[in-house]
Every structure is written in structure tokens, then in C-alpha cells.
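Topology and contacts: notes
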Amino acid sequence: MSEIGYMTADSDTPTHGALGRRLGALVVGFEPVIYAVAFLLLVISAVLVVIGSADAVVAAVTRRVDAIDGGVLILDRVLLVLIVAELAYTLRTVLQYRQIAAEPFLLIGLIAAVRRILIVTAAFEQNPTGDELTRLLYELGALGLLVLTVAAAIFLLRFSSRYKPTAQPGQP
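None of the values given here were measured: they were computed from a predicted structure.

Let's shift gears to the overall build of the protein. Helices and strands together make up the secondary structure of the protein, namely 4 helices and 0 strands. In the protein, the order of α-helices and β-strands from amino to carboxyl end is α-α-α-α. Pairs at least 24 apart in sequence give 58% of the contacts found in the protein among residues at least 6 apart. For the protein, the computed accessible surface area is about 12300 Å², with 68% contributed by carbon and sulfur atoms.

If you check UniProt for "transmembrane region" (unreviewed entry), the listed places come out as residues 33-54, 104-124 and 136-157 in our numbering. The distance separating the terminal C-alpha atoms of residues 33-54 is 32 Å; by composition the span is 100% helix and 0% strand. Taken end to end, residues 104-124 has its terminal C-alpha atoms 31 Å apart, with 95% of it in helix and 0% in strand.

A separate point is the packing of helix α2 (residues 67-97) against helix α3 (residues 102-123). α3 packs onto α2 with a crossing angle of 170° between their chain directions and a minimal axis gap of 9 Å. In terms of their interaxial angle, α2 and α3 are classed as roughly antiparallel. Here the hand of the crossing between α2 and α3 comes out left-handed. Of α3, the residues touching α2 (which contributes Val72, Leu75, Asp76, Leu79, Leu80, Leu82, Ile83, Glu86, Leu87, Tyr89 and Thr90) are Pro104, Phe105, Leu107, Ile108, Ile111, Ala112, Val114, Arg115, Leu118, Ile119 and Ala122. Residues of the contact of α2 with α3, tallied by class, amount to 18 nonpolar, 1 polar and 3 charged.

Right, let's get into helix α4 (residues 130-162). End to end, α4 covers 48 Å across 33 residues, agreeing with the expected 48 Å (1.5 Å per residue, within 8%). Taken as a whole, α4 has its buried residues at Leu136, Glu139, Leu143, Val147, Val150 and Ile154. Summarising the contacts, the buried residues of α4 are in contact with α3.

The rules behind the values
Along every chain, residues carry numbers that run from 1 in the direction the sequence is written. Per-residue local features of the predicted model are confined to residues with pLDDT of at least 70, and side-chain atom pairs are confined, for both listing and counting, to 80 or more; whole-chain, interface and lining totals are unaffected and use all residues. Heavy atoms from the whole structure form the basis of all side-chain values; hydrogens and water molecules are not counted. Per the convention used, a helix needs a DSSP run of H or I reaching at least four residues, while a strand needs a run of E reaching at least two, with both numbered from the N terminus. Residue contacts are counted whenever heavy atoms from the two residues lie within 4.5 Å of one another. Per-residue and other accessible areas follow the Shrake-Rupley method at a 1.4 Å probe size, with only the shown protein chains counted as cover for residues. UniProt positions are given in the numbering used here, feature names are shortened, and annotations may be inferred rather than shown by experiment. For every element, the axis is a line fit to its C-alpha atoms; helices are fit only across the contacting stretch, and the angle between N-to-C directions ranges from 0 to 180 degrees. Convention used here: angles under 35 degrees read as roughly parallel, angles over 145 as roughly antiparallel, angles from 65 to 115 as roughly perpendicular, and any remaining angle as oblique. Definitions for this section: a left-handed crossing has its near helix turned counterclockwise from the far helix by less than a right angle. A right-handed crossing has that turn clockwise. Under the scheme applied here, ten amino acids are nonpolar (Ala, Val, Leu, Ile, Met, Phe, Trp, Tyr, Cys and Pro), four are charged (Asp, Glu, Lys and Arg), and all others, including Gly, are polar. Expected span of a helix, by definition, is 1.5 Å for each gap between consecutive residues, and there is one gap fewer than residues. Each residue gets one of three labels from its accessible area relative to the maximum for its type: buried under 20%, exposed over 50%, partly exposed in between, using a 1.4 Å probe on protein chains only.

Rendered as C-alpha cells:
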């Protein structure tokens, strides 16, 4: 009786293990294609966001929108461009070095949380009342905790990568 993954003694046909290896090799070969397509889509979206940001600047300068709303819109778009750029950098790193690092994703989360904080604080300019004010305050508190948590995670990640234990005498 043969086990999965080995050739049978009485036959030259591979068992399920060989098929699994072939499928695994296909997935490994297809993975860079998926990352490359995602990278190209991110580049296209970054170009579109930059064009939209330029339109927001023109609208703010020509006074088609309120100065505060224009400023928040521009800041929102700039942070969105930074998020897309950080995602593109992360994908480029994955394509070049075939490894995923945690720090770029933490930075993306930090930028996204700050972006949302700016949008929520801009909503305070419209003088919310009652339930809407309560919801905005809860959201702002949760986002503040998220920013602190992600910043602490980035700090710990950087601190732990710098820490290299010294070799003990008698150990290699």
C-alpha cells in the first residue's frame, strides 16, 4: 500500500502528491503575475487620484468650494496618494525580494487612520447634533486608539529589528 506523495511500487504513475506539487508550482508561478497586475492597477489608480487632486486644488484656488472643505479635500487626496504609493512600494518589494514585510502595511494603516480622522474632524465643521455627534466622537476615539496602537506596533517592530542578542560565551 502506498502513501500519498510517493510513486506506487507496481506502477509508474504518480499519486496525488505529484499532482499537488504540480499545482503548487503553478500557483507559485502565477503569484508574481497577480502581484504585477495589482501593481499596474495601483499605478493607474495613483494617476487618477493625482488628477483628481489637481482638480481639487484648482477648485480650492478658484473658490468654487469653501476654503476648509477644499483644504480637507486636498489633504484627503494627498493621503490617498500616499496610501496608494505605499501599497505600490510593498508590492514592488514582494516582486523583487519575494517576501512580505509588516511595516509597510502598518504605515498604510496609520495613514488611512489619520486620513479618516481628518474627514471626521471636518464633519465637526457642519455642527452635528445628538446621535450624529455621539457617533462622530466614538469614531474619533476609536481612530485615536487605532493610531496609538499602530504607532506602538511600528515602534516595537523597529525596536525588535535593531535588537540583536549578544552571543553567550561557549555558544556559536
